[in-house]
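Analysis of the macromolecular model
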Amino acid sequence: MTVKGVLFDFSGTLFRVESAVSWLAAALERTGIRMGENETAGTARRLEEAGALPGGAHPGGPVPQHLTEVWAARDRSAEEHRAAYTGLAREVPLPRPEVYDALYERHKEPAAWRPYADAAGVLGELRRRGVRTAVVSNVGWDLRPVFRAHGLDAWVDAYVLSFEHGVQKPDPRLFLAACQALGLTPGEVLMVGDDRRADGGAAALGCAVHLVDHLPVEERPAGLRPVLGLLG
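Parameters and conventions
- Residues numbered from 1 in each chain as written.
- Predicted model: local features only at pLDDT ≥ 70, side-chain atom pairs only at ≥ 80, totals over all residues.
- Heavy atoms only, no water.
- Disulfide = S-S within 2.5 Å.
- Buried < 20%, exposed > 50% of the residue type's maximum accessible area, 1.4 Å probe, protein only.
- Salt bridge = Lys/Arg side-chain N within 4 Å of Asp/Glu carboxyl O.
- Helix = DSSP H or I, 4+ residues; strand = E, 2+ residues; numbered from the N terminus.
- Contact = heavy atoms within 4.5 Å.
- Pairing = 2+ DSSP bridges.
- Axes fitted to C-alpha atoms, helices over the stretch in contact; angles between N-to-C directions.
- Parallel < 35°, antiparallel > 145°, perpendicular 65-115°, else oblique.
- Left-handed = near helix turned anticlockwise from the far one by under 90°.
- Nonpolar A, V, L, I, M, F, W, Y, C, P; charged D, E, K, R; others polar.

1. Let's talk about the state of the cysteines
For the coordinates displayed, the defined rule picks out zero disulfides. Take Cys 179: it sits in no disulfide, and the sulfur closest to it among the cysteines is that of Cys 207, at 4.0 Å. Looking at Cys 179, the relative accessible area reads 0%, which means it is buried.

2. A look at the pattern of salt bridges
Two side chains with opposite charge may pair up if their charged atoms get near one another. Under the counting rule described, the total for this entry stands at 18 salt bridges. Of the charged contacts in the structure, one is a salt bridge between Arg 96 and Glu 98, with a shortest N-O distance of 2.5 Å. Between Arg 106 and Glu 109 there is a salt bridge, with the nearest N and O atoms lying 3.0 Å from each other. Judged by relative accessible area, Arg 106 falls into the buried class, the value being 12%.

3. Overview of the environment of Glu 37
Looking at the secondary structure, you find Glu 37 in helix H2 (residues 37-50). Since its relative accessible area comes to 71%, Glu 37 is described here as exposed. Separated by 55 residues in sequence, Glu 37 and Val 92 place their C-alpha atoms 17 Å apart.

4. Comments concerning helix H5 (residues 98-107)
With respect to burial, H5 is a largely interior element, seven of its ten residues being buried. At its buried positions, H5 is contacted by helix H1 (20-31), H2, helix H4 (78-89) and strand E3 (113-115).

5. So, the sheet that holds strand E1 (residues 5-8)
Strand order across the open sheet formed by five strands is E5-E4-E1-E6-E7, with parallel pairing between neighbours. If you trace the sheet from one side to the other, it starts and ends with strand E5 (158-161) and strand E7 (208-211), each paired once. Going from strand to strand, the sheet's axes swing by 20 degrees on average, the running direction of each strand aside. For E1 and strand E6 (residues 189-193), the ladder comprises four bridges, and the chain directions are parallel. Looking at the pairing, Phe 8 lines up with Val 192 of E6. The sheet strands contacting helix H6 (residues 119-128) are E1 and strand E4 (132-137), and the helix crosses E1 at an angle near 155 degrees. Helix H9 (residues 172-182) contacts E1, E4, E5 and E6 of the sheet and is inclined by roughly 155 degrees relative to E4.

6. With respect to unusual backbone geometry
That bond from Lys 169 to Pro 170 is cis: its omega, 15 degrees, falls within 30 degrees of zero. On the secondary structure map, Pro 170 appears in the loop between helix H8 (162-165) and H9.

7. Side note on the packing of H4 against H5
At a minimum axis distance of 10 Å, the contact between H4 and H5 shows a crossing angle of 125 degrees. Taken together, the axes of H4 and H5 are oblique relative to one another. In terms of crossing hand, the pair formed by H4 and H5 is right-handed. Residues Ala 78, His 81, Arg 82, Tyr 85, Thr 86 and Ala 89 of H4 touch H5, and the partners they reach there are Tyr 100, Asp 101, Tyr 104, Glu 105 and His 107. The class makeup of the residues in the contact of H4 with H5 is five nonpolar, three polar and three charged.

Just geometry here; none of it tells us what the structure is for.
What follows is the structure in structure tokens.
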């Protein structure tokens, strides 16, 4: 197989979201609320266990019954995404109601995300070799500003975001839209992601799939480099 296009997942593949402690601290600062270090750490841990940080860990237990429907469809629209994650955050008591909205807004900021160390190099090398690239993400907001702020937008040919199409991975329609955006057939495309179920859905369409580990940035300095060896 000669790969002419590569589809990349966003969170856990090209970028990693900040820690829950950093996320909460930023929201508290934004709302002018002070919490002690231990209290902040404990609250951040509970938020993380609830699965309230988009791009972070999934809920550590069952999703509350009143949120199961919106959680299942969370990446199909901006409204459902906000409702799902803000709903999970509200399972954890916070000092003032406005902190919940501040938390959600914070995770959309470029400063909340770090690219993996080899992301720019791999994307740049793909462009040099004439391989087209697209970002295919289950997300409820426009992540293009994150790529621009971190200098990676120049290496991306297309963005196919679930909330803009009303479908979410592993639905093959999202991967098909990405292939069409690149002007390629699924058999010419490689999907790179960190979620076997969601990103592996591209295989049903005929795309090759390569999985990477969703690790902290410091623990995965070269996890994307093997993609270059799969081009054929």
